[in-house]
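# Structural overview for review
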Amino acid sequence: MAPPGQPPLSDVFAAAPADPVAAVPASVLADPRPRPANDEAAVTDPADQQLTIDLATGTGGFHGGACGLLYGLYGPGLPTDNLIEGMNVRTVATKGQDGAQHPGSDALEVLPCLVETTGGDVYVRTTDHYRGFPYQWPGETPEERLSGYTEVLGAQLRQIRGLDPALLDHLVIEPFNEPEGNMFGDGEWSYDGTSWLDDPADYFRAWDDAHALIRAELGGVRVSGPNTSILFDQVQGFLQHTVEAGTVPDVVTWHELSHPGRIRGSVERYRAWEAEAFAGTPYEGTELPVNINEYAFNHHTSVPGQMIHWMSAIEESKVDAMIAFWNVNGNLSDSAVQANRANGQWWLYNAYGAMTGHTVRVTPPRPGEDYTLQAVAALDEERTLARALLGGSDGAARVVFDHVPEELFGSRVHAWVREIPWTGQIGDSAPPRLLTEEVLRVQDGAVTVDFGDGLPALTESSAYEIVLTPAGDGSPAGEPPHRWQGSFEAEDAEYTGGGYSLNGPEGSPEDVSKYYTSGGYHVGGLRTGSDGVLDFTVTVPEAGTYDLSVFANSPYTHDLVAEQGPTNVFLRVDGGAEQELFLPLAYNRVVWDHADTTVELREGENTVTLATRSLVGDGATRGEATIDRITLALPQGTPTTTYEAETAALSGATPLYRDERLQGRDVTGSGAVEIGEGDSVTFWTHSAHDAEAVLDVRLIGSGAADLAVNGRTATRVTEDASSAAVSLSGGVNKVTVTGAEGTPLVDRLDLTPSDGHLAATPYQAQDARTGGDAAVVDLPLAGGGQAVDGIGGEPGNGNTLTFDVEAPKAGPYVLRVRYSNPETSESSHYNPNPVARRADISVNGADPDRVLFPPTYHANNFWVLSVPVELSAGANTVTFASEEAPGFDGETYASQTWPGRLLRSSYAPVIDSITVCEFATGL
């Protein structure tokens, strides 16, 4: 919710133009170029912007508390376990089970997902049983309202009471949310029109009663509060009251919806109040856990360079915190793309979650100043590894690791420097891209890394990771994935034709409620009926095949977009080589994704064009898109991505940097990892597509290990038989190497896209067998222009789709399901509320697997989701069915409890095709 002094996002969006082309005309803006966020953008000498990391001064054990989410999980499999575990999610706040606040995200359904992946905690926001914000709780009198809520709370507690006791240990009950502006505020839906900030009596009495009810029903299950929208001074009085009443919360919560630097001061101020309130009581000397259970705004979320500001403040304060929920639930608070893909923010938190050991003191160039260069760093003496994450500024910068312990690292260190770029709020991202891997000398106890001198200068939207180990017996072998890359803003391109609009400025530190946009501006005009042409002048260093990404937006609710879905434009280079490109849909205006292709460019200047009319025939744009920028990159010749074991996640395994077994063995990186039986090395890898790849585990020495991908064993590997072809999911894949025999050394994992090793057979839905009302529909972007819709419906329906498929042998397979899901619920406040659909997938008539498919925003917008299955040799049937899932009791339905509110879909997604692929084979 919006902090004091800023308009709520509902007002911001209501005031925004409904149609991007109606935004600010270019002629109104004297200088459309964006302003830098601060004067650091002009820094050209690294020494003028120095960040010092003191490895000799510890600041406490690594906590990892910034990895929390509000409404980050939708349900089992959405997002996938890969994304939850790889982000190291610690805490999630979500609605009470079977509540009406949003579709999905029911507390007791997401609880096992979190516990089984990370062992994290779910905070049950019991007030989100109600719709709306402020909560629309029924009752004509204050007493009726509070009595009704007490019944709601009691019913939720009784549901929870039946859980496995092991799950109860991972629950926290959150009985009130922002009470000062909500149930106990002074607005229309308040208890009696009196804010507890003015008179706390009503709220304190309600808190005490709720606390007593929770204790009576659930014993020692933790309770959190007061959960205010900021840390009001009145929270001191709340602490004093709860000590006197014996109702002290187990976890203290408030929101920081402001600027990141405020966190440090708020935690310090709270700790002073706490010490004063607890003095002379049984709590004296106690520091309660703190969870800042909503932080960051639209300008921050998804942007690694923005989120590092928050991350550094949260980790320094050693508290937990949850990224706020401004958009779509179930996407890890703007970290996840589709079900299993990750944007740049996810990779930042993946790197943060990989930190081990203890944090160390960081001195930024401008301490205490928001939106300047910030960092968090940790040293693990046992692994002899230092890791730093930094960013949030433009220009040159110097990073100095001071007091590097010679007894651990020696006189030289092996350094990896990687960039974690912004790829859009819903834009898939590859892993952090390597900038350099090299051996650096420790001089006067320090290691220095200069950005803007040898390395590229910092980009304000990016975060950066630096990993140091001893130099070791290995050799630097990593190459940057691109030989050259560039970014070109749409506002700097030349537009001809009608309908042009220059839209902005968008989000900035001065207006954090708006979305982050590269350069602060974007361009409209490419839409149905337009003759617009947008020409980018680009200069490249050499001729070749370049990767091109168009960062664009087509809001799925706009009338022009509703007809076709993805907006088509015509891409050409220097007036020719035309290709039709479909630009991605988004759930809100100014939410960016990217459409990717390749183009042939000549050395020097080229013109890259996006046009609404084709050069040949009568092709024309249908829909409406705004363009933020294009990026170009010239890839290296090798398609192989290398993941070094010594920097991966280790369980029981031991890194070795100097060992006679490494010498003369062509070891890459700084060393290798020794694994005994049951020890493991986990690599978080990326695949651009749901597709086959060869995984090569470089083992050294005798022994064997089991290679598993996404929790399924692929093959056993040895030094002489180290490779397997595996069907990977699009996005993030968890690859684990577990010791099976002996104590081999794991040097690295090489991942290379491949084709032809695994049997893969496609089946079109229009050729499969439909049952009941399921029917073939025409959709131009489906394979063959047709797909099957209408699978599911009322409980007990017979509306199904069945594929007859062949398997060359019995065993594990992957179904690559190409689907669309246009379903959406009524928006609430600023949340658009698209709805996941569920398919009950049954193989050969067995009990079905229930699979959630995230919304694609239009029936004609198709994504792919890989689903694991087991098939028999020869003929098999794969049947898709669906119906509304019942509530937690297994008997009631949301459609009955909340008539007129779409909270659970009754349908499977629209199915275009499935591809049946072998899961893995050893090579």
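Quick summary incoming for the structure in this document. (Residues numbered from 1 in each chain as written. Predicted model: local features only at pLDDT ≥ 70, side-chain atom pairs only at ≥ 80, totals over all residues. Heavy atoms only, no water.)

Here the focus is the pattern of salt bridges. Applying the stated criterion to the full structure yields 49 salt bridges. Put simply, R161 and E217 hold a salt bridge, and the shortest N to O gap is 2.4 Å. Of the two residues, R161 is situated in helix α4 (residues 142-161) and E217 in helix α6 (residues 201-218); the sequence distance between them amounts to 56 residues. The class of R161 is partly exposed, set by a relative accessible area of 46%. For the salt bridge of R748 with D747, the shortest nitrogen-to-oxygen distance reads 2.7 Å. We classify R748 as buried; its relative accessible area is 8%. Judged by relative accessible area, D747 falls into the buried class, the value being 3%. (Salt bridge = Lys/Arg side-chain N within 4 Å of Asp/Glu carboxyl O. Helix = DSSP H or I, 4+ residues; strand = E, 2+ residues; numbered from the N terminus. Buried < 20%, exposed > 50% of the residue type's maximum accessible area, 1.4 Å probe, protein only.)

This part takes up α4. Spacing of three or four residues puts side chains on the same side of an α-helix, whose turn is 3.6 residues. Along its 20 residues, α4 runs 28 Å from first to last C-alpha, staying within 8% of the 28 Å computed at 1.5 Å per residue. For α4, every residue scored as buried is listed here: R145, L146, Y149, V152, L153, G154, Q156, L157 and I160. Here the buried face of α4 lies against α3 (107-117), β4 (121-125), α5 (165-168), β5 (171-174) and α6. (Expected span 1.5 Å × (residues − 1). Contact = heavy atoms within 4.5 Å.)

With antiparallel pairing, five strands are arranged side by side in an open sheet as β21-β24-β30-β26-β27. The open sheet terminates on both sides in strands that have one partner only, identified here as β21 (494-496) and β27 (576-583). The average undirected angle you get between the axes of adjacent strands in this sheet is 25°. Of the strand pairs in this sheet, strand β26 (residues 567-573) and β27 are connected by six bridges, and their pairing is antiparallel. Following the sheet pairing, V569 is matched in β27 by L581. (Pairing = 2+ DSSP bridges. Axes fitted to C-alpha atoms, helices over the stretch in contact; angles between N-to-C directions.)

Moving on: the sheet that holds strand β44 (residues 769-771). Ordered in space as β44-β47-β52-β49-β50, the five strands form an open sheet in which the pairing is antiparallel. The strands lining the two open edges of the sheet, one partner per strand, are β44 and β50 (849-853). The average angle at which neighbouring strand axes cross in this sheet is 25°, direction not considered. Relative to strand β52 (residues 874-881), strand β49 (residues 837-843) is paired through four bridges, and the arrangement is antiparallel. Residue pairing for β52: S842 is matched across the bridge by T879.

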